[in-house]
Amino acid sequence: MALFSNHLHLPKNVDMKDRVADFWRDDAPIADPKKHTLRPIVTGTSVLGIKTKSGVVIAADTLGSYGSLARFRDVTRLMRVNDSTIIGGFGDYADFQHIMKLLEQQTIDDKVIGDGVYRDAPSIHSWLRCVLYNRRNKMNPLWNTVIVAGSTYAGEPYLGYVDKIGVSFQDKSVATGFGSYIAQPMLRKAMEENPDMSIDDAKRLMVRCLRVLFYRDCRALNRFQIGVVAEGQCTISEPISAETDWSVGANPSGYE
Amino acid sequence: MAAVVDQMMKTAEESKGFSFDNCRRNAFMAKQGVTFPTARKTGTTIVGVIFNEGVVLGADTRATGGSIVCDLNCEKIHYIADNVFCCGAGTAADTEFTTRMVSSKMELLKLRTGREGRVISALRMLKQYLFRYQGYVSAALVLGGVDVTGPALYTVYPHGSTDKLPYVTMGSGSLAAMSVFEDGYKLGLDEEAAKKLVRDAIRA
């Protein structure tokens, strides 16, 4: 697909001088110097989220991939917005930084107004949906999927998902990207078996899912952060790694 | 006897290469405005696991034609030989006929050699057949069995490549099933544990 391709699409027998860029030609219209987002450049992979009765756990690895190169291995894809919300970003990292900046400015504005009202997770989720949908309508999307994990004004745990095209919903467990194929079944199965999961159980489950993602996702890293919103507190852990077992690959195999 | 069996094996797959006989007719029919039936795909999860003394193969039973479930209880694990079975994903007709053909060839080989068939023979037959059709025979298979060399498990892809692995999943449900395997597989499983792992993987 042209939007996502890495190759130049030039016909084969073409003289380069006939293909001079439009804006060099004398009769060219004034070109728009702005470009609309065509493809993500530095990307983050899956973000996982799970909602338990006592709080929400969100997790993401610390990798910014440059295509297939694991370029930035110390990137924070979880952001603590305020005491009630953590967001996690999948997709283009530059666009996610823009989202983080907007939210930071919003939090500062709230403090400056000083009327004691802060934004809770559903408000931030709503706001993000409006922003992302609006950008999508202008055909210039912020190429992200954002997971919003936090609590409502009443203190209930909240977990939401917003897409680059403005799809938004809430669920007990969410995952983006590869995580939706690999980790989401694991999250759902665990919630079915243990509906009264504790925060610690949820954290352990996250580590298991991130380990399997590291095994199977080519753009994942075994270094991740886990964020917890519980009891009116938001914490994002220091980067940790899962133990991995490569012994199944020990037997020499070949292909037949 | 051997000569007769050889002859039978040769006619088992007549001429080499794809048969283009019907292309002209199909093009004519398309111009007349005939819509062709689409191939029935299986929307499948098929898995295989090697344990201590053998192999456990698993498959779901749903077949879809578009977004309608057309067969609630179809058999996706095909018989190749008494000691070799094959799960099939992709186009239902392709998996059915390919495995049936290989099953016949394995029987002929058994009569020819006087020995119990091996999984590797079925593998060679499948991959050489699928490669010849360059991916047009859309059969993604999980082939498993136990022979004199021990338990064996392979995947065969529609273009003819094969993999030899301790645990495999294929089909559209393969990632969800693989997540269960990656989480729960250990070397040296016993039969009950392997069966449970396969059950959990298909359910995922």
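Here we summarise the structure given alongside this text. (Residues numbered from 1 in each chain as written. Chains lettered and ligands numbered in written order. Predicted model: local features only at pLDDT ≥ 70, side-chain atom pairs only at ≥ 80, totals over all residues. Heavy atoms only, no water.)

A few points about the overall build of chain B
Threshold: Secondary structure follows DSSP: runs of H or I at least 4 residues long count as helices, runs of E at least 2 residues long count as strands, and numbering of each begins at the N terminus. Throughout, a residue-residue contact means that at least one pair of heavy atoms, one from each residue, lies within 4.5 Å. Computed with the Shrake-Rupley method and a 1.4 Å probe, the accessible areas treat only the protein chains shown as cover for residues.
Counting its regular elements, chain B contains 6 helices and 10 strands. Residue pairs at least 24 apart in sequence account for 58% of intrachain contacts in chain B once pairs closer than 6 positions are excluded. Carbon and sulfur atoms make up 54% of the accessible area of chain B, which totals about 11000 Å².

Points about the interface of chain A and chain B
Worth spelling out the cut-off: Here the buried area means the combined drop in accessible surface, using a 1.4 Å probe, for two parts upon being joined, counting both sides. Salt bridges are counted wherever a side-chain nitrogen of Lys or Arg sits within 4 Å of a carboxyl oxygen of Asp or Glu. Each polar contact in these results corresponds to two N or O atoms within 3.5 Å; when the atoms are within protein, one needs to be able to donate a hydrogen and the other to accept it, and residues that are neighboring in sequence are counted only if both atoms are side-chain atoms. Asp, Glu, Lys and Arg are counted as charged, while Ala, Val, Leu, Ile, Met, Phe, Trp, Tyr, Cys and Pro are counted as nonpolar; the rest, among them Gly, fall into the polar class.
Counting residues at the interface gives 18 residues for chain A, matched by 21 residues for chain B. Buried surface at the junction of chain A and chain B, summed over both partners, amounts to about 1700 Å²; 55% is from carbon and sulfur atoms. The interface formed by chain A and chain B contains 3 salt bridges. Note that Asp183(B) and Arg208(A) form a salt bridge whose closest N and O atoms lie 2.5 Å from each other. Run the count over chain A and chain B and you get 4 residue pairs in polar contact (both at pLDDT 80 or more). Listed by contribution, the elements that provide at least two residues to the side of chain A that touches chain B are helix 3 (178-193) and helix 4 (199-216) of chain A. Broken down by element, the side of chain A that touches chain B gets its largest block of residues, 7 residues, from helix 3 of chain A. Residue composition of the side of chain A that touches chain B, grouped by class: 9 nonpolar, 4 polar and 5 charged.

Some details on unusual backbone geometry
For the record, the criterion: Exposure classes here rest on a 1.4 Å probe applied to the protein chains alone. A residue is buried below 20% of its type maximum, exposed above 50%, and partly exposed in between.
Phi at Glu231(A) takes a positive value of approximately 50°, unusual for a residue other than glycine. Tracing the backbone shows Glu231(A) in the loop between strand 12 (224-230) and strand 13 (233-236). In this structure Glu231(A) comes out as exposed when scored by relative accessible area, which is 76%. With a phi angle near 50°, Gln134(B) is a residue other than glycine that sits in the positive phi range.

A look at a nonpolar patch on the surface
Residue and element names in this part refer to chain A. Stated formally: Patch construction takes residues with relative accessible area above 30% that form no salt bridge. Like charges are linked within 9 Å, and nonpolar side chains (Val, Leu, Ile, Met, Phe, Trp, Tyr) are linked within 5 Å.
Taken together, the side chains of Ile41, Tyr66 and Leu69 present a nonpolar region at the surface, about 270 Å² in accessible area. Relative to the assigned elements, Leu69 resides in strand 5 (residues 69-72). Under the relative-accessibility criterion, Leu69 is labelled partly exposed at 47%.

A word on the packing of helix 4 of chain A against helix 5 (residues 174-184) of chain B
Between two packed helices, what matters for the description is the angle formed by their axes and the separation of those axes. Convention followed: Between N-to-C directions, angles cover 0 to 180 degrees, with each direction set by a line fitted to C-alpha atoms, over the stretch in contact for helices. When an angle is under 35 degrees it counts as roughly parallel; over 145 it counts as roughly antiparallel; between 65 and 115 it counts as roughly perpendicular; any other value is oblique.
Contact geometry for helix 4 of chain A and helix 5 of chain B: axes closest at 9 Å, N-to-C directions at 110°. With respect to helix 5 of chain B, the axis of helix 4 of chain A lies roughly perpendicular. Within the contact between the two elements, helix 4 of chain A uses Arg208(A), Val212(A), Tyr215(A) and Arg216(A) and helix 5 of chain B uses Met178(B), Ser179(B), Glu182(B) and Asp183(B).

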